[in-house]
Amino acid sequence: MQIGMIGLGRMGANIARRLINRNHSVVSYDQMPAAVETLTRDGALPAGTIEELVKLLTPPRAVWVMLPAGEATETTIERLGELLTAGDVVIDGGNTFWRDDIRRAIALKRRGIHHVDVGTSGGVLGAEHGYCLMIGGADDIVGRLEPVFAALAPGASGAVQRESSAAQGWLHVGPNGAGHFVKMVHNGIEYGLMQAYAEGFQILKETDSAALPEAERFTLDVAGIAELWRHGSIISSRLLDLIASALDKDAGLREFSGVVDDTGEGRWTVMTAIERAIPAMALTTALNARFRSRREQNFSDKMISAMRRGFGGHSETKGKP
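Keep in mind that what you see is a predicted model, and the values were worked out from it rather than measured.

Caption draft 1: Up close: the pairing of strand β1 (residues 2–6). The buried fraction of β1 amounts to 4 of the 5 residues, a majority that puts the element mostly inside the structure. Across 5 bridges, β1 lies against strand β2 (residues 25–29) in parallel orientation. Looking at the pairing, I6 lines up with Y29 of β2. At this point the chain moves from β1, through helix α1 (residues 10–21), to the parallel β2, and the crossover so formed is right-handed. Relative to strand β4 (residues 62–65), β1 runs parallel, the two sharing 3 bridges.

Rendered as C-alpha coordinates:
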(Lines give C-alpha, C1' and ligand atoms only; values in the text may rest on other atoms or scores of the structure.)
Protein backbone atom coordinates (compact mmCIF):
# COMPACT_ATOMS: atom_id res chain seq x y z
CA MET A 1 0.00 0.00 0.00
CA GLN A 2 1.15 3.56 -0.70
CA ILE A 3 1.21 6.05 2.16
CA GLY A 4 2.56 9.53 2.77
CA MET A 5 4.52 10.25 5.95
CA ILE A 6 4.85 13.80 7.29
CA GLY A 7 7.22 14.17 10.23
CA LEU A 8 10.41 12.10 10.31
CA GLY A 9 11.46 12.42 13.93
CA ARG A 10 12.25 9.42 16.15
CA MET A 11 8.79 7.89 15.74
CA GLY A 12 7.86 9.00 12.23
CA ALA A 13 11.07 7.80 10.60
CA ASN A 14 10.92 4.43 12.34
CA ILE A 15 7.27 3.93 11.40
CA ALA A 16 8.16 4.68 7.80
CA ARG A 17 11.07 2.24 7.87
CA ARG A 18 8.92 -0.53 9.31
CA LEU A 19 6.41 0.00 6.50
CA ILE A 20 9.13 0.03 3.84
CA ASN A 21 10.61 -3.17 5.26
CA ARG A 22 7.19 -4.79 4.91
CA ASN A 23 6.81 -3.86 1.24
CA HIS A 24 4.70 -0.72 1.56
CA SER A 25 5.51 2.35 -0.54
CA VAL A 26 6.28 5.48 1.51
CA VAL A 27 6.42 9.07 0.26
CA SER A 28 8.11 11.17 2.95
CA TYR A 29 8.31 14.83 3.90
CA ASP A 30 9.93 16.69 6.78
CA GLN A 31 10.87 20.33 7.20
CA MET A 32 14.45 19.08 7.75
CA PRO A 33 15.79 18.00 4.33
CA ALA A 34 18.45 15.83 5.97
CA ALA A 35 15.74 13.64 7.52
CA VAL A 36 14.14 13.16 4.10
CA GLU A 37 17.50 12.30 2.54
CA THR A 38 18.19 9.71 5.22
CA LEU A 39 14.85 7.99 4.72
CA THR A 40 15.30 8.11 0.94
CA ARG A 41 18.42 5.97 1.36
CA ASP A 42 16.20 3.50 3.23
CA GLY A 43 13.78 3.26 0.31
CA ALA A 44 11.27 6.10 0.66
CA LEU A 45 10.27 8.41 -2.18
CA PRO A 46 11.24 11.99 -1.19
CA ALA A 47 9.02 15.06 -1.31
CA GLY A 48 10.33 18.59 -0.92
CA THR A 49 7.00 20.07 0.21
CA ILE A 50 3.62 18.92 1.47
CA GLU A 51 2.22 19.91 -1.92
CA GLU A 52 4.68 17.63 -3.69
CA LEU A 53 3.91 14.78 -1.31
CA VAL A 54 0.21 15.00 -2.16
CA LYS A 55 0.97 15.04 -5.89
CA LEU A 56 3.16 11.94 -5.59
CA LEU A 57 0.37 9.92 -3.97
CA THR A 58 -2.25 8.09 -6.00
CA PRO A 59 -5.93 8.69 -5.00
CA PRO A 60 -7.49 7.67 -2.73
CA ARG A 61 -4.54 8.95 -0.73
CA ALA A 62 -3.52 8.15 2.83
CA VAL A 63 -1.26 10.61 4.66
CA TRP A 64 0.16 9.80 8.11
CA VAL A 65 1.01 12.89 10.20
CA MET A 66 3.56 12.24 12.95
CA LEU A 67 4.19 15.62 14.55
CA PRO A 68 4.08 17.11 18.06
CA ALA A 69 0.59 17.84 19.34
CA GLY A 70 -0.52 21.44 18.98
CA GLU A 71 0.30 24.02 16.34
CA ALA A 72 2.51 21.81 14.14
CA THR A 73 -0.20 19.18 13.78
CA GLU A 74 -2.97 21.76 13.51
CA THR A 75 -1.41 23.72 10.65
CA THR A 76 -0.32 20.57 8.79
CA ILE A 77 -3.78 19.00 8.88
CA GLU A 78 -5.36 22.30 7.85
CA ARG A 79 -3.02 22.41 4.84
CA LEU A 80 -3.79 18.80 3.95
CA GLY A 81 -7.48 19.67 4.09
CA GLU A 82 -6.86 22.23 1.37
CA LEU A 83 -4.76 19.90 -0.82
CA LEU A 84 -6.43 16.51 -0.54
CA THR A 85 -9.61 15.48 -2.33
CA ALA A 86 -12.75 13.57 -1.43
CA GLY A 87 -12.04 9.99 -0.38
CA ASP A 88 -8.53 10.71 0.90
CA VAL A 89 -7.53 9.98 4.51
CA VAL A 90 -5.53 11.94 7.07
CA ILE A 91 -4.04 9.73 9.80
CA ASP A 92 -2.87 11.49 12.96
CA GLY A 93 -0.45 9.17 14.74
CA GLY A 94 0.93 11.67 17.25
CA ASN A 95 -0.13 12.35 20.83
CA THR A 96 -3.01 14.65 19.95
CA PHE A 97 -5.70 15.69 22.45
CA TRP A 98 -8.75 13.59 21.57
CA ARG A 99 -11.18 16.51 21.43
CA ASP A 100 -9.00 18.08 18.72
CA ASP A 101 -9.48 14.88 16.67
CA ILE A 102 -13.26 15.24 16.84
CA ARG A 103 -13.08 18.87 15.73
CA ARG A 104 -10.66 18.17 12.89
CA ALA A 105 -12.64 15.17 11.69
CA ILE A 106 -15.76 17.33 11.39
CA ALA A 107 -13.85 20.00 9.43
CA LEU A 108 -12.30 17.46 7.04
CA LYS A 109 -15.61 15.68 6.51
CA ARG A 110 -17.05 18.84 4.99
CA ARG A 111 -14.53 18.34 2.16
CA GLY A 112 -15.20 14.60 1.91
CA ILE A 113 -11.84 13.81 3.54
CA HIS A 114 -11.62 11.15 6.23
CA HIS A 115 -9.80 11.44 9.55
CA VAL A 116 -8.31 8.56 11.55
CA ASP A 117 -6.59 9.04 14.91
CA VAL A 118 -4.01 6.46 15.96
CA GLY A 119 -2.64 6.32 19.47
CA THR A 120 0.83 4.88 18.87
CA SER A 121 2.79 3.15 21.62
CA GLY A 122 6.15 1.50 21.28
CA GLY A 123 8.61 4.38 21.28
CA VAL A 124 12.05 3.94 19.81
CA LEU A 125 11.77 0.16 20.25
CA GLY A 126 8.77 -0.04 17.92
CA ALA A 127 10.81 -0.16 14.71
CA GLU A 128 12.05 -3.61 15.69
CA HIS A 129 9.34 -4.95 17.98
CA GLY A 130 6.26 -3.31 16.46
CA TYR A 131 3.80 -0.72 17.68
CA CYS A 132 0.64 -1.01 19.75
CA LEU A 133 -2.00 0.94 17.80
CA MET A 134 -5.24 2.35 19.27
CA ILE A 135 -7.38 3.51 16.36
CA GLY A 136 -10.35 5.84 16.08
CA GLY A 137 -12.36 6.41 12.89
CA ALA A 138 -15.08 5.11 10.60
CA ASP A 139 -15.29 1.34 10.15
CA ASP A 140 -14.80 1.30 6.39
CA ILE A 141 -11.84 3.67 6.44
CA VAL A 142 -10.06 1.78 9.21
CA GLY A 143 -10.72 -1.39 7.22
CA ARG A 144 -9.13 0.16 4.15
CA LEU A 145 -5.98 0.89 6.16
CA GLU A 146 -5.75 -2.55 7.76
CA PRO A 147 -2.62 -3.57 5.76
CA VAL A 148 -0.77 -0.57 7.21
CA PHE A 149 -1.84 -1.28 10.78
CA ALA A 150 -1.02 -4.97 10.47
CA ALA A 151 2.47 -4.15 9.16
CA LEU A 152 3.19 -1.75 12.03
CA ALA A 153 1.83 -3.96 14.83
CA PRO A 154 3.94 -6.65 16.54
CA GLY A 155 1.76 -9.61 15.51
CA ALA A 156 0.25 -12.27 17.76
CA SER A 157 2.40 -13.79 20.49
CA GLY A 158 0.82 -15.58 23.42
CA ALA A 159 -2.45 -13.80 22.68
CA VAL A 160 -5.59 -14.45 24.72
CA GLN A 161 -8.09 -13.35 22.04
CA ARG A 162 -6.65 -14.68 18.81
CA GLU A 163 -9.78 -13.88 16.80
CA SER A 164 -9.38 -10.15 17.50
CA SER A 165 -6.92 -7.77 15.86
CA ALA A 166 -6.03 -6.79 19.44
CA ALA A 167 -4.05 -10.04 19.51
CA GLN A 168 -1.94 -8.63 16.67
CA GLY A 169 -1.26 -5.37 18.51
CA TRP A 170 -3.80 -3.06 16.85
CA LEU A 171 -7.46 -2.39 17.52
CA HIS A 172 -10.23 -0.18 16.14
CA VAL A 173 -11.48 1.13 19.48
CA GLY A 174 -14.22 3.51 18.32
CA PRO A 175 -15.10 6.62 16.27
CA ASN A 176 -13.00 9.74 15.74
CA GLY A 177 -11.21 10.73 18.93
CA ALA A 178 -11.48 7.31 20.57
CA GLY A 179 -8.00 6.24 19.50
CA HIS A 180 -6.27 9.15 21.15
CA PHE A 181 -8.61 8.97 24.15
CA VAL A 182 -7.47 5.39 24.80
CA LYS A 183 -3.83 6.41 24.24
CA MET A 184 -4.27 9.29 26.70
CA VAL A 185 -5.41 6.90 29.42
CA HIS A 186 -2.61 4.48 28.42
CA ASN A 187 -0.06 7.23 29.06
CA GLY A 188 -1.73 8.20 32.33
CA ILE A 189 -1.34 4.59 33.48
CA GLU A 190 2.27 4.72 32.27
CA TYR A 191 2.89 7.69 34.59
CA GLY A 192 1.52 5.73 37.55
CA LEU A 193 3.52 2.58 36.76
CA MET A 194 6.76 4.51 36.36
CA GLN A 195 6.19 6.35 39.64
CA ALA A 196 5.49 3.10 41.51
CA TYR A 197 8.70 1.51 40.21
CA ALA A 198 10.71 4.64 40.96
CA GLU A 199 9.44 4.99 44.52
CA GLY A 200 10.04 1.30 45.22
CA PHE A 201 13.63 1.54 44.07
CA GLN A 202 14.06 4.72 46.11
CA ILE A 203 13.15 2.69 49.22
CA LEU A 204 15.62 -0.03 48.24
CA LYS A 205 18.34 2.53 47.55
CA GLU A 206 17.99 4.23 50.94
CA THR A 207 17.96 1.05 53.04
CA ASP A 208 21.61 1.63 53.99
CA SER A 209 20.88 5.11 55.38
CA ALA A 210 22.90 6.12 58.43
CA ALA A 211 19.65 7.38 59.93
CA LEU A 212 18.46 3.78 60.38
CA PRO A 213 19.41 1.52 63.30
CA GLU A 214 22.52 -0.43 62.35
CA ALA A 215 20.72 -3.79 62.52
CA GLU A 216 18.13 -2.54 60.00
CA ARG A 217 20.60 -1.31 57.40
CA PHE A 218 20.97 -3.34 54.22
CA THR A 219 23.39 -2.51 51.43
CA LEU A 220 21.32 -3.83 48.56
CA ASP A 221 22.38 -4.48 44.98
CA VAL A 222 19.56 -2.57 43.29
CA ALA A 223 20.79 -3.50 39.81
CA GLY A 224 20.79 -7.16 40.77
CA ILE A 225 17.30 -6.87 42.27
CA ALA A 226 15.97 -5.21 39.10
CA GLU A 227 17.43 -8.06 37.04
CA LEU A 228 16.03 -10.64 39.46
CA TRP A 229 12.50 -9.22 39.19
CA ARG A 230 12.64 -9.53 35.40
CA HIS A 231 12.55 -13.34 35.73
CA GLY A 232 9.36 -14.94 37.05
CA SER A 233 8.16 -11.93 39.03
CA ILE A 234 4.57 -10.69 38.71
CA ILE A 235 5.92 -7.13 38.34
CA SER A 236 8.15 -7.91 35.37
CA SER A 237 7.50 -5.61 32.41
CA ARG A 238 9.17 -3.72 29.59
CA LEU A 239 9.57 -0.76 31.93
CA LEU A 240 11.40 -3.00 34.40
CA ASP A 241 13.64 -4.14 31.53
CA LEU A 242 14.60 -0.50 30.98
CA ILE A 243 15.23 0.00 34.69
CA ALA A 244 17.50 -3.05 34.85
CA SER A 245 19.43 -1.86 31.81
CA ALA A 246 19.93 1.63 33.24
CA LEU A 247 20.99 0.36 36.68
CA ASP A 248 23.39 -2.14 35.13
CA LYS A 249 25.20 0.76 33.46
CA ASP A 250 25.25 2.88 36.63
CA ALA A 251 23.42 1.94 39.82
CA GLY A 252 23.55 5.58 40.92
CA LEU A 253 22.03 6.91 37.66
CA ARG A 254 24.51 9.78 37.91
CA GLU A 255 24.07 10.93 34.32
CA PHE A 256 20.47 11.95 35.06
CA SER A 257 19.47 15.15 36.86
CA GLY A 258 16.03 13.83 37.79
CA VAL A 259 14.11 16.72 36.23
CA VAL A 260 11.11 14.92 34.69
CA ASP A 261 9.05 16.51 31.93
CA ASP A 262 5.49 15.65 31.00
CA THR A 263 4.24 15.70 27.41
CA GLY A 264 0.57 16.41 28.08
CA GLU A 265 -1.22 13.08 28.13
CA GLY A 266 -0.91 12.64 31.90
CA ARG A 267 -2.43 16.10 32.47
CA TRP A 268 -5.26 15.36 30.03
CA THR A 269 -6.00 12.06 31.77
CA VAL A 270 -6.25 13.77 35.16
CA MET A 271 -8.33 16.62 33.71
CA THR A 272 -10.73 14.13 32.13
CA ALA A 273 -11.05 12.26 35.43
CA ILE A 274 -11.82 15.53 37.25
CA GLU A 275 -14.41 16.55 34.65
CA ARG A 276 -16.17 13.22 35.08
CA ALA A 277 -15.74 13.01 38.88
CA ILE A 278 -13.74 9.78 38.53
CA PRO A 279 -11.20 9.28 41.35
CA ALA A 280 -7.70 8.87 39.91
CA MET A 281 -5.46 9.22 42.94
CA ALA A 282 -2.43 7.27 41.73
CA LEU A 283 -2.35 8.98 38.33
CA THR A 284 -2.78 12.44 39.86
CA THR A 285 -0.02 11.82 42.39
CA ALA A 286 2.31 10.58 39.65
CA LEU A 287 1.71 13.76 37.67
CA ASN A 288 2.31 15.93 40.73
CA ALA A 289 5.56 14.06 41.40
CA ARG A 290 6.80 15.22 37.98
CA PHE A 291 5.98 18.80 38.88
CA ARG A 292 7.86 18.39 42.17
CA SER A 293 10.90 16.99 40.34
CA ARG A 294 11.41 20.36 38.66
CA ARG A 295 12.02 21.96 42.06
CA GLU A 296 13.75 19.18 44.00
CA GLN A 297 15.08 15.91 42.56
CA ASN A 298 15.80 12.52 44.11
CA PHE A 299 16.85 9.03 42.97
CA SER A 300 13.31 8.06 41.97
CA ASP A 301 13.16 11.04 39.60
CA LYS A 302 16.41 9.93 37.96
CA MET A 303 14.90 6.50 37.46
CA ILE A 304 11.87 7.95 35.69
CA SER A 305 14.21 9.96 33.45
CA ALA A 306 16.10 6.75 32.67
CA MET A 307 12.88 4.94 31.72
CA ARG A 308 11.70 7.84 29.55
CA ARG A 309 14.99 7.86 27.66
CA GLY A 310 14.83 4.09 27.27
CA PHE A 311 11.39 3.83 25.69
CA GLY A 312 10.97 7.20 24.03
CA GLY A 313 14.40 8.75 23.63
CA HIS A 314 13.23 11.66 25.79
CA SER A 315 15.93 13.98 27.08
CA GLU A 316 15.69 15.87 30.34
CA THR A 317 14.77 19.55 30.47
CA LYS A 318 15.98 22.18 32.87
CA GLY A 319 14.07 22.61 36.10
CA LYS A 320 11.25 25.14 36.00
CA PRO A 321 8.69 26.43 38.49
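From this point, the narrative continues.
Caption draft 2: Looking closely at the sheet that holds strand β6 (residues 114–121). Here we have 8 strands laid out as an open sheet, ordered β3-β2-β1-β4-β5-β6-β7-β8, and mixed in their pairing. One side of each edge strand has no neighbouring strand; the edge strands of this open sheet are β3 (45–46) and β8 (170–174). In terms of strand pairing, β6 meets strand β7 (residues 132–136) through 5 bridges, oriented antiparallel. Within β7, the residue paired with D117 across the bridge is G136. Strand contacts of α1: β1, β2, β4 and β6, with the helix running at about 165° to β1, the strand carrying the most contacts.

Conventions and cut-offs
Residues numbered from 1 in each chain as written. Predicted model: local features only at pLDDT ≥ 70, side-chain atom pairs only at ≥ 80, totals over all residues. Heavy atoms only, no water. Buried < 20%, exposed > 50% of the residue type's maximum accessible area, 1.4 Å probe, protein only. Helix = DSSP H or I, 4+ residues; strand = E, 2+ residues; numbered from the N terminus. Pairing = 2+ DSSP bridges. Right-handed = clockwise from strand over helix to strand, strands pointing away. Contact = heavy atoms within 4.5 Å. Axes fitted to C-alpha atoms, helices over the stretch in contact; angles between N-to-C directions.

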